[in-house]
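Now for the letters of each chain:
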Amino acid sequence: MYIDPVLLETLYTLLNRRKRLTMLSACLEFLGMGLCLLGSLLVMIACGLPMWKVTAFIDMNIVVAQTNWDGLWMSCVVQSTGQMQCKMHDSVLALSHDLQTARALTVIAAVLGVAGLVVTIAGAQCTNCIKTELVKAKVVHAGGVVYIISGLLVLVPLCWMANNIIVDFYNPDVSSSKKREIGAAIYIGWAATALLLLGGTMLCCSCPQRGKSAYPTKTISANGDFDKRHYV
């Protein structure tokens, strides 16, 4: 039985290209999943930290007896001796609107991060939860969309809170003792947002051709050669 060498070479080239595409898509999945997982962890950390608003040192004397921290769930006072006292917020309704919104959106974003991890793992190439390749690709893309939504939900309260802090800082009607600066939790939240958006985009861009042929199908004529109509 005679086999055309050109046919064998073409098949070998197609297989190598398919293998490289599969490896590239797997790398994008792993990298995107890692970034999203790290971003979700940072969202949870930022949600629990009390350092959303910190005392602004704007007076001539920078030596102060205490430093105030305001968070989503508690307020803390750090003494110059190193002692720290924290108190949970007594009433949700007594909080400002930005704190109430930040509470709700950060918790929802954290829950979406966990849901996105479950969805992404179910559709990842390294798992066998789903057998159909096309369905696995759609599931991974859905997980990426969930992570992007999570990042946007975190971004809203962060920017709102930062804007209020800056406006109050430059407001002459606000006393110096009540002025605050942007705390570490907001910066951590911004980093988490960047990781979630970047990782979610990678998951959405991975495996764009999974479930369908990445190359055109060529028919073979009666004499064993490729049909010339399929050549470009």
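What you see is a predicted model; the values in this text were computed from it and never measured. (Residues numbered from 1 in each chain as written. Predicted model: local features only at pLDDT ≥ 70, side-chain atom pairs only at ≥ 80, totals over all residues. Heavy atoms only, no water.)

Draft legend 1. Just the side chain of Lys179, in detail. Assignment of secondary structure puts Lys179 in the loop between α3 (133–169) and β5 (180–182). Within polar-contact distance, the side chain of Lys179 engages the backbone oxygen of Phe169 at 3.1 Å. (Helix = DSSP H or I, 4+ residues; strand = E, 2+ residues; numbered from the N terminus. Polar contact = N/O pair within 3.5 Å; in protein donor to acceptor, adjacent residues only side chain to side chain.)

Draft legend 2. The pattern of salt bridges, seen in detail. Tallied over the full model, the rule gives 3 salt bridges. Close ionic contact of Lys53 with Asp98 constitutes a salt bridge, the shortest N to O distance being 3.9 Å. Here Lys53, found in strand β1 (residues 53–55), pairs with Asp98, found in helix α2 (residues 97–123); they are 45 residues apart in sequence, far enough to count as distant. Take Lys53: its relative accessible area is 18%, and that puts it in the buried class. For Asp98, a relative accessible area of 6% translates into the label buried. (Salt bridge = Lys/Arg side-chain N within 4 Å of Asp/Glu carboxyl O. Buried < 20%, exposed > 50% of the residue type's maximum accessible area, 1.4 Å probe, protein only.)

Draft legend 3. Structural context of empty space enclosed by the protein. Tallying each qualifying case throughout the model produces 1 cavity of 30 Å³ or more. Computed from the structure, the largest cavity encloses a volume of approximately 30 Å³. In this structure, the largest cavity is lined by Val43, Ala46, Cys47, Trp52, Thr106, Val154, Leu158 and Gly189. At the level of secondary structure, the elements contributing two or more residues to the lining of the largest cavity comprise α1 (5–48) and α3. For the lining of the largest cavity, the leading source of residues is α1, giving 3 residues. (1 Å grid on protein atoms, 1.4 Å probe; cavity = no way out; pocket = protein on both sides within 12 Å on 5 of 7 lines; lining within 4 Å. Points joined across faces, edges and corners; volume = space filled by probe spheres on them.)

Draft legend 4. Representation of the confidence of the model for the chain in the model. Averaged over all residues, the pLDDT of the chain equals 80, while 75% of them reach at least 70. In the predicted structure, residues 210–232 sits below a pLDDT of 50 and forms 35 contacts with residues beyond four places in sequence or in another chain. (pLDDT = per-residue confidence, 0-100. Contact = heavy atoms within 4.5 Å.)

Draft legend 5. Molecular detail of the state of the cysteines. According to the stated counting rule, one finds 1 disulfide in the structure shown. Sulfur of Cys204: no disulfide; nearest cysteine sulfur belongs to Cys205 and is 6.6 Å away. Exposure remark for Cys204: the relative accessible area of 28% places this residue in the partly exposed category. (Disulfide = S-S within 2.5 Å.)

Draft legend 6. Examining the nonpolar core more closely. Among the nonpolar cores identified, the biggest contains 27 residues, and Val43, Trp52, Leu72, Met161 and Ile186 are the most heavily contacted of them. Sequence-distant contacts of Ile186, defined by excluding residues within four places in its chain, comprise Met51, Trp52, Leu158, Met161, Ala162 and Ile165. (Core = buried A, V, L, I, M, F, W, Y, C linked by side-chain atoms within 4.5 Å.)

Draft legend 7. How the structure looks around the UniProt feature "transmembrane region" (unreviewed entry) in the chain. Using the residue numbers shown here, the UniProt feature "transmembrane region" (unreviewed entry) corresponds to residues 21–52, 104–124, 145–166 and 186–205. A helix fraction of 95% and a strand fraction of 0% characterise residues 104–124, whose end C-alpha atoms lie 30 Å from each other. Helix makes up 100% of residues 145–166 and strand 0%, whereas the separation of the span's terminal C-alpha atoms amounts to 32 Å. (UniProt positions renumbered as here; feature names shortened; annotations may be inferred.)

Draft legend 8. Examining the packing of α3 against helix α4 (residues 184–205) more closely. Following both chains from N to C, one finds α3 and α4 inclined at 155 degrees, their axes separated by 8 Å at the closest point. With respect to their mutual orientation, α3 and α4 come out roughly antiparallel. Two packed elements cross with a definite hand, and for α3 against α4 that hand is left-handed. Considering only residue class, the contact of α3 with α4 consists of 18 nonpolar, 9 polar and no charged. (Axes fitted to C-alpha atoms, helices over the stretch in contact; angles between N-to-C directions. Parallel < 35°, antiparallel > 145°, perpendicular 65-115°, else oblique. Left-handed = near helix turned anticlockwise from the far one by under 90°. Nonpolar A, V, L, I, M, F, W, Y, C, P; charged D, E, K, R; others polar.)

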